[in-house]
Amino acid sequence: MTVLNQIKKSKSIFAVIDIGNNKVSCLIGSPVKNNDVQLKVLGFGQHVSIGISNGIVTNLNEIANSIARAVEGAETMAGFPVKEVVCSLSGGRPLTKVIQNHIKIHNNQVYKSDLIKIQKLNNPKQINDYVLLSSSPIKYSIDNNNYVENPIGMYTKNLTVEISNTYGNKTVIKNITNAVELCHLKVDNFIISPEASGASTMIRDERKNGAIIIDLGENITSTGVFINEKIIFSDSIPIGGVHITSDIVRGLGTKSDDAEKIKIIHGSALSNETDEFTNLEIPIISDEGNIINQNIPKAMITAIIKPRIEEIFELIYRRLNRYKSITKSVDKIILCGGGANLNNIREFATQYFKANVRIGRPIGLIGLPEIVHSPTFACLAGLLIKSFDKEKTPSRMEFNSGLFNYFGRIGNWFDQNL
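A quick note: this is a predicted structure, and the numbers were derived from the prediction, not measured.

Things to note about the overall build of the protein chain
Line of reasoning, step 1. Within the protein chain one finds 14 helices and 21 strands.
Line of reasoning, step 2. A buried classification covers 53% of the 418 residues belonging to the protein chain.
Line of reasoning, step 3. The long-range fraction of contacts in the protein chain, counting pairs at least 24 apart against all pairs at least 6 apart in sequence, stands at 67%.
Line of reasoning, step 4. Surface summary for the protein chain: the accessible area is close to 19,900 Å², and the carbon and sulfur share equals 47%.

Laid out in structure tokens, this is it:
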């Protein structure tokens, strides 16, 4: 059976949208059984983002138009319309919190009912102005703190579970939902950017043994820590690629468009001995307001960019250091997002964090357009992978109160992991 016929027979079609500060991107895909289950990309579209800043909606109609154009491009490529989408979430500083629940096993053997009980023992902590996006177990432990993957059937007197809860800002979610609904689409779920980026760029061993994702976006840099294939920590800082571009504008006295080109073509996080003697012809704004070309040493551009990269990494390091108890054993870092395209940033990150660093590109998808094979689209590809993982759940539960009744279905974390 051909891949095309398999797609036609599949009833599962997924559409995802990454609403970034620079662009809105959309992917449409379907699972394909070809030895191992894979995802086949059917449609891709993107459009410049207007009406959003730092992940927060500033003009509802403008961002709705950007979303509609991106989805329209993906639908045209796929050859059919979509009705529901999964969206990324980066604005409003999404959070991930880990809690522990404990119960006594009275009959000394663990049953599925015990796992249901331990899940319901303590409701996820409520955080002001935030709503729960997802909840999933990280690991179980039985007597003497022995960790087990699946405790059902095991003999023990005590059972403990660590649960990862991910939260998003209520106002940010509602405004993005309103923008999507203006496009006659329904939001099925929100997934925070570092979780999606980790899903598409990390291999299973990295997610299981521990790795850190750093998503260097346009206005926001997001961080996520993965252990046992679950995200256990996430945070973000309101600094990204656009701030590097602004530094070049101020440092060289050039226009924003030219500064962005300079960053992409000549920008680097590290310099070498020849950069001081390599001159670049840069268009700058003269005192009279005219555009003139001026020779600038390449080392000067690096000298402008490097302090901003150091600032970003320093802020990330400080926040990770607060949770040193859970990150001390993690020495693998994956860089993605548009900022990961900066020359020598991997080498600089390796020196700064004293860790094993690599650039993360989307993996696990087939039929991915060439343009999407880039760190820039890690979050977008990860949204599609996470959507498929959610669909594999044999059953779902409804959260019938609060905002989730408004936003749609949330997968039953318990069923996902048994």
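Some remarks on empty space enclosed by the protein
Line of reasoning, step 1. Applying the stated rule across the entire model yields 4 cavities of 30 Å³ or more.
Line of reasoning, step 2. Of the pockets and cavities examined, the largest cavity occupies roughly 50 Å³.
Line of reasoning, step 3. Looking at the largest cavity, the residues that line it are Thr223, Phe233, Asp235, Ser236, Ile237, Leu315, Ile316, Arg319 and Leu320.
Line of reasoning, step 4. Elements with a minimum of two residues in the lining of the largest cavity: β14 (230–237) and α9 (298–321).

A few points about the state of the cysteines
Line of reasoning, step 1. The final tally for this structure, using the stated rule, is 0 disulfides.
Line of reasoning, step 2. Cys336 takes part in no disulfide bond, and the closest cysteine sulfur, belonging to Cys379, lies 8.1 Å away.
Line of reasoning, step 3. Residue Cys336 is classed as buried on the basis of its relative accessible area of 0%.

Description of unusual backbone geometry
Line of reasoning, step 1. One non-glycine residue, His184, lies in the positive phi region at around 60 degrees.
Line of reasoning, step 2. Residue placement: His184 occurs in the loop between α4 (170–181) and β11 (186–192).

Regarding the sheet that holds strand β13 (residues 221–227)
Line of reasoning, step 1. Taken in spatial order, the 5 strands line up as β14-β13-β12-β17-β18 in an open sheet, and their pairing is mixed. The sheet is open, and its two edges are formed by β14 and β18 (356–359), each paired on a single side. Put simply, the sheet's adjacent strands are angled 20 degrees from each other on average, direction ignored.
Line of reasoning, step 2. In the packing of helix α5 (residues 193–201) onto the sheet, the strands contacted are β12 (211–216), β13, β14, β17 (332–336) and β18, and the crossing angle to β13 comes to about 60 degrees.

Some points on the sheet that holds strand β7 (residues 95–104)
Line of reasoning, step 1. Sheet architecture is open: 4 strands sit in the order β7-β10-β8-β9, paired in antiparallel fashion. Every other strand in the sheet has two partners, leaving β7 and β9 (146–148) as the edge strands with one partner each. On average, each strand axis in the sheet is tilted by 35 degrees relative to the strand beside it, whichever way the strands run.
Line of reasoning, step 2. Note: strand β8 (residues 130–142) against β9, 3 bridges, orientation antiparallel. Residue pairing across strands places Tyr140 opposite Val148, the latter belonging to β9.
Line of reasoning, step 3. Against the sheet, helix α3 (residues 112–120) touches β7, β8 and β10 (158–169), its axis set at about 125 degrees to β7.
Line of reasoning, step 4. Together, β8 and β10 form the strand contacts of α4, whose direction differs from that of β10 by roughly 60 degrees.

Calculation rules
- Residues numbered from 1 in each chain as written.
- Predicted model: local features only at pLDDT ≥ 70, side-chain atom pairs only at ≥ 80, totals over all residues.
- Heavy atoms only, no water.
- Helix = DSSP H or I, 4+ residues; strand = E, 2+ residues; numbered from the N terminus.
- Buried < 20%, exposed > 50% of the residue type's maximum accessible area, 1.4 Å probe, protein only.
- Contact = heavy atoms within 4.5 Å.
- Areas by Shrake-Rupley, 256 points an atom, 1.4 Å probe, with all protein chains shown as cover.
- 1 Å grid on protein atoms, 1.4 Å probe; cavity = no way out; pocket = protein on both sides within 12 Å on 5 of 7 lines; lining within 4 Å.
- Points joined across faces, edges and corners; volume = space filled by probe spheres on them.
- Disulfide = S-S within 2.5 Å.
- Pairing = 2+ DSSP bridges.
- Axes fitted to C-alpha atoms, helices over the stretch in contact; angles between N-to-C directions.

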